[in-house]
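Take a look at the letters that make up each chain.
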Amino acid sequence: MVAVAVITGGTDGIGRGLAEEYLRRGYEVLVIGRSERKGRAFAGIGERAHFLSADLSEVAENRRLAEWIAQRYPVLDVLVLGARYHRSARVQTVDGFESNFGLFYLSRFLLSHGLVGPLSRAEHPVVLNFGAAWQTGPVRWDDLQLERGYHGVGAMGHAGRLNDLLGVSFVDRYADEGIRYVVNHPGVVVTSFAGEYDHSPVTAAQVDQLRVTGKSVATAVAQIFPFLEPPAAHASVVAPAGRERLTAVLEGERVPLDPGSRDLEDARRLHDITLKLLRMAA
Ligand SMILES: NC(=O)c1ccc[n+]([C@@H]2O[C@H](COP(=O)([O-])OP(=O)(O)OC[C@H]3O[C@@H](n4cnc5c(N)ncnc54)[C@H](OP(=O)(O)O)[C@@H]3O)[C@@H](O)[C@H]2O)c1
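Every value quoted in this text rests on a predicted model; they were computed, and no experiment measured them.

**Details of the environment of Val168**
So, step 1. In this structure, Val168 sits in helix α6 (residues 152-173).
So, step 2. Val168 sits in the buried class, given a relative accessible area of 9%.
So, step 3. For the pair Val168 and Asp263, spaced 95 residues apart in sequence, the C-alpha to C-alpha distance is 7.2 Å.
So, step 4. Not counting residues up to four positions away in its chain, the partners in contact with Val168 are Trp134, Leu246, Asp263, Leu264 and Ala267.

Below, the structure written as structure tokens:
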């Protein structure tokens, strides 16, 4: 049977780089994004390349997508969660969530949990989520929707931290399903830096600087791929013990996770709050 990879944000940047790599390795690859133009360009590469258009900032779209994927691919080997969109100003999604919370975190929550069934049927399933890999500060528990002092870059960093905790609660909850979860911070990578930026010269200079200092997509893909390989192939990189379902990676280096930290407690707390928010939004 042909292995399957589903990649959100696979129409551009690092997601697109990973999508091409999985195609080269013989996978059936479905990328998800909003741009028909970019999606069709990817799907035109070959018969194993597919595109589905969805706005992942919407809760209903994520639910629809998870259902559709589960029907179309009852066995799912790889799930990459990479859609993002920078906003200098605070914006709310149609469901009333702060946009980074909605797209960068909640979409990934819904797809991770919504696709456990198909993932658990694969031989070596893996989820790759782009998070902060423990490089940012604590969760703003009293202001999860960033209503006070919003800052675009800070909002992405905060959502990254939420994704770290999503990884923690995922492996805790599905300890027996054999699904590995990799939380990756790629460092600065030259991609589209898609988003809505303020028009200040300072912001423009910062983005220009990122374009000069960032690494290529090819380098970012090469740094993360060893951590996605089935255990036998990457045994020297990641200890294969059963409890090692979660791996945090920063620019190709494994980040040690502190077993004595409050992460599990925080992760369970975030999980419960997220379910409550979803119920309220329904
Ligand atoms: N690049 C960096 O320096 C850097 C640094 C740290 C972390 N990361 C992380 O790495 C991951 C990939 O980043 P990247 O820089 O490669 O991204 P990118 O080039 O900006 O591409 C973003 C992707 O997200 C999709 N997307 C945006 N809004 C969407 C929406 N509402 N619904 C569905 N899809 C949407 C875009 O698809 P369409 O255009 O088709 O809508 C595109 O495929 C992200 O999680 C990012 O946070 C990147």
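**A look at the site of the ligand**
So, step 1. Close contacts around the ligand come from 29 residues, with Thr11, Ile14, Lys38, Val189 and Thr191 the closest.
So, step 2. Ala54 is positioned such that a nitrogen or oxygen atom in its backbone is 3.3 Å from a nitrogen atom of the ligand.
So, step 3. Here an oxygen atom of the ligand sits 2.9 Å away from a polar atom, N or O, in the side chain of Arg108.
So, step 4. Contact with the protein chains hides 93% of the accessible area of the ligand, taken as 890 Å² for the molecule alone.

**Brief notes about the pairing of strand β9 (residues 246-250)**
So, step 1. Of all five residues in β9, four are buried, a share of seventy percent or more.
So, step 2. Here five bridges tie strand β7 (residues 180-185) to β9, and the two strands are oriented parallel to one another. Bridge pairing in β9 places Tyr181 opposite Leu246.
So, step 3. Both β9 and strand β10 (residues 253-254) contribute to a ladder of two bridges, which runs antiparallel. Looking at β10, one finds that Val249 is bridged to Arg254.
So, step 4. Where β9 hands over to β10, the hairpin turn is made up of two residues, of which Glu251 adopts a positive phi near 45°.

**Side note on the confidence of the model for the protein chain**
So, step 1. Residues at a pLDDT of 70 or more form 96% of the protein chain, whose mean pLDDT is 93.
So, step 2. Segment residues 235-242 is flagged for pLDDT under 50; beyond a separation of four residues in sequence, or across chains, it makes seven contacts in the model.

**Let's talk about the packing of helix α1 (residues 13-24) against helix α8 (residues 217-228)**
So, step 1. Relative orientation of the contacting elements α1 and α8 amounts to 60°, with a least axis distance of 9 Å. Of the possible angle classes, the one that applies to α1 and α8 is oblique. Considering only the axes of α1 and α8, their crossing is right-handed. Across the interface between the two elements, Gly13, Ile14, Gly17, Leu18, Glu21 and Tyr22 from α1 touch Val217, Ala220, Val221, Ile224, Phe225 and Leu228 from α8.
So, step 2. Residues of the contact of α1 with α8, tallied by class, amount to nine nonpolar, two polar and one charged.

The rules we used
- Residues numbered from 1 in each chain as written.
- Predicted model: local features only at pLDDT ≥ 70, side-chain atom pairs only at ≥ 80, totals over all residues.
- Heavy atoms only, no water.
- Helix = DSSP H or I, 4+ residues; strand = E, 2+ residues; numbered from the N terminus.
- Buried < 20%, exposed > 50% of the residue type's maximum accessible area, 1.4 Å probe, protein only.
- Contact = heavy atoms within 4.5 Å.
- Near = heavy atom within 4 Å.
- Polar contact = N/O pair within 3.5 Å; in protein donor to acceptor, adjacent residues only side chain to side chain.
- Areas by Shrake-Rupley, 256 points an atom, 1.4 Å probe, with all protein chains shown as cover.
- Pairing = 2+ DSSP bridges.
- pLDDT = per-residue confidence, 0-100.
- Axes fitted to C-alpha atoms, helices over the stretch in contact; angles between N-to-C directions.
- Parallel < 35°, antiparallel > 145°, perpendicular 65-115°, else oblique.
- Left-handed = near helix turned anticlockwise from the far one by under 90°.
- Nonpolar A, V, L, I, M, F, W, Y, C, P; charged D, E, K, R; others polar.

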